[in-house]
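# Reading the structure
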Amino acid sequence: AFSAKFPGIELVLIEERMNMLRELVKSGKADLAITYQKEDPALEYSLILENPVYLQVPPTFWRERMAPLPAAKRKQLLPELLNSQTFILLKKGRGMREVADQLLSHFQIEPGKIMETDNIHLAKGLVRLDKGFTLVPDISIRRSLHPSREADHYCQVKDYPTKRSLYCCYRKSGYLTEAESYIIK
């Protein structure tokens, strides 16, 4: 849709940590950035979507503890069941790690072990291999068309619906072109 409406404009994707993306926008090296945090007062932020976060459950745990439950009860996991479990989390400093740390702290969950990675796809793959639990943003779940993902199991922690707001940021003093406004909306 964007290319049809703006045929002469090329979108360039820059993959970086969010704090670096915000710096690129502030310096004018990037026009827009997608971020979960709106902490920089030099930037304007427009909400793009509310992104639920789910707990990805390892297959054996799902089969033994969740599958026998009625379908309605499989949507939420009791937090006490997570004590002593292995977690595969993104490294400290990443947004999903903050979400995970808040969850663990809120329920005083003591993981048996924490494995760390920089890659959400690796974390999801390790859960598929029964290595532990991870937290996954909805945006990375529902867009997957890979057949092996059908066997993945996701739920939320009971009484703790987790979501993150996704924003598009741009310079406060900057002019938004029609194409930039189109992307934001």
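All of the points below concern the structure found in this document. The model shown is predicted, which means the values in this text are computed figures rather than measured ones. (Residues numbered from 1 in each chain as written. Predicted model: local features only at pLDDT ≥ 70, side-chain atom pairs only at ≥ 80, totals over all residues. Heavy atoms only, no water.)

### Re the pattern of salt bridges
Per the counting criterion, the structure on display carries 12 salt bridges. Note that Glu116 is salt-bridged to Arg97, the shortest N-O span being 2.6 Å. With Glu116 in strand β5 (residues 113–117) and Arg97 in helix α4 (residues 95–106), this residue pair connects regions lying 19 residues apart in the sequence. Arg97 sits in the buried class, given a relative accessible area of 4%. When the shortest N-O distance is used, the salt bridge between Asp152 and Arg128 registers 2.9 Å. With Asp152 in the loop between α6 (138–141) and β7 (153–157) and Arg128 in helix α5 (residues 120–128), this residue pair connects regions lying 24 residues apart in the sequence. Connected via shared salt-bridge partners are Arg17, Lys91, Arg94 and Asp118. (Salt bridge = Lys/Arg side-chain N within 4 Å of Asp/Glu carboxyl O. Helix = DSSP H or I, 4+ residues; strand = E, 2+ residues; numbered from the N terminus. Buried < 20%, exposed > 50% of the residue type's maximum accessible area, 1.4 Å probe, protein only.)

### Some details on the pairing of β5
With five bridges joining them, strand β4 (residues 86–90) and β5 adopt parallel strand pairing. In the strand pairing of β5, Ile88 is matched with Met115. Once you follow β4 into α4 and on to β5, the crossover reads as right-handed. (Pairing = 2+ DSSP bridges. Right-handed = clockwise from strand over helix to strand, strands pointing away.)

### Observations regarding a nonpolar patch on the surface
A cluster of nonpolar side chains, contributed by Leu11, Tyr182 and Ile183, occupies part of the molecular surface with about 260 Å² of accessible area. By secondary structure assignment, the location of Ile183 is in helix α7 (residues 178–184). (Patch = residues over 30% accessible without salt bridge, like charges linked within 9 Å, V, L, I, M, F, W, Y side chains within 5 Å. Areas by Shrake-Rupley, 256 points an atom, 1.4 Å probe, with all protein chains shown as cover.)

### Some points on the nonpolar core
Core analysis: the largest hydrophobic core is formed by 23 residues, its most contacted members being Leu55, Leu77, Leu82, Phe87, Phe133 and Leu135. The biggest single contributor to this core is α4, with five residues. With sequence-adjacent residues up to four places away left out, Leu82 is seen in contact with Leu55, Leu77, Phe87, Ile109, Phe133 and Val157. Formed by nine residues, the second largest nonpolar core is a distinct cluster that contains Leu24, Ala30, Ala33 and Tyr45. (Core = buried A, V, L, I, M, F, W, Y, C linked by side-chain atoms within 4.5 Å. Contact = heavy atoms within 4.5 Å.)

### Looking at the packing of aromatic side chains
Applying the stated rule across the entire model yields seven aromatic pairs. Between Phe2 and Phe6 the ring centres are 5.1 Å apart and the planes differ by 40°, which places this aromatic pair in the tilted class. Accessibility assignment for this pair places Phe2 and Phe6 in one class, buried. Seen from their ring centres, Phe107 and Tyr160 are 5.4 Å apart, and the 70° between their planes marks the pair as edge-to-face. Pair noted here: Phe107 is in the loop between α4 and β5 and Tyr160 is in the loop between β7 and β8 (162–171), with a separation of 53 residues, a long-range link. In this structure, Arg164 packs its charged tip against the face of Tyr36, placed 3.3 Å from the ring centre. (Phe/Tyr/Trp six-rings, centres within 6.5 Å; stacked < 30°, edge-to-face > 60°. Lys NZ or Arg CZ within 6 Å of the ring centre and 35° of its normal.)

All we've got here are geometric facts, nothing functional implied.
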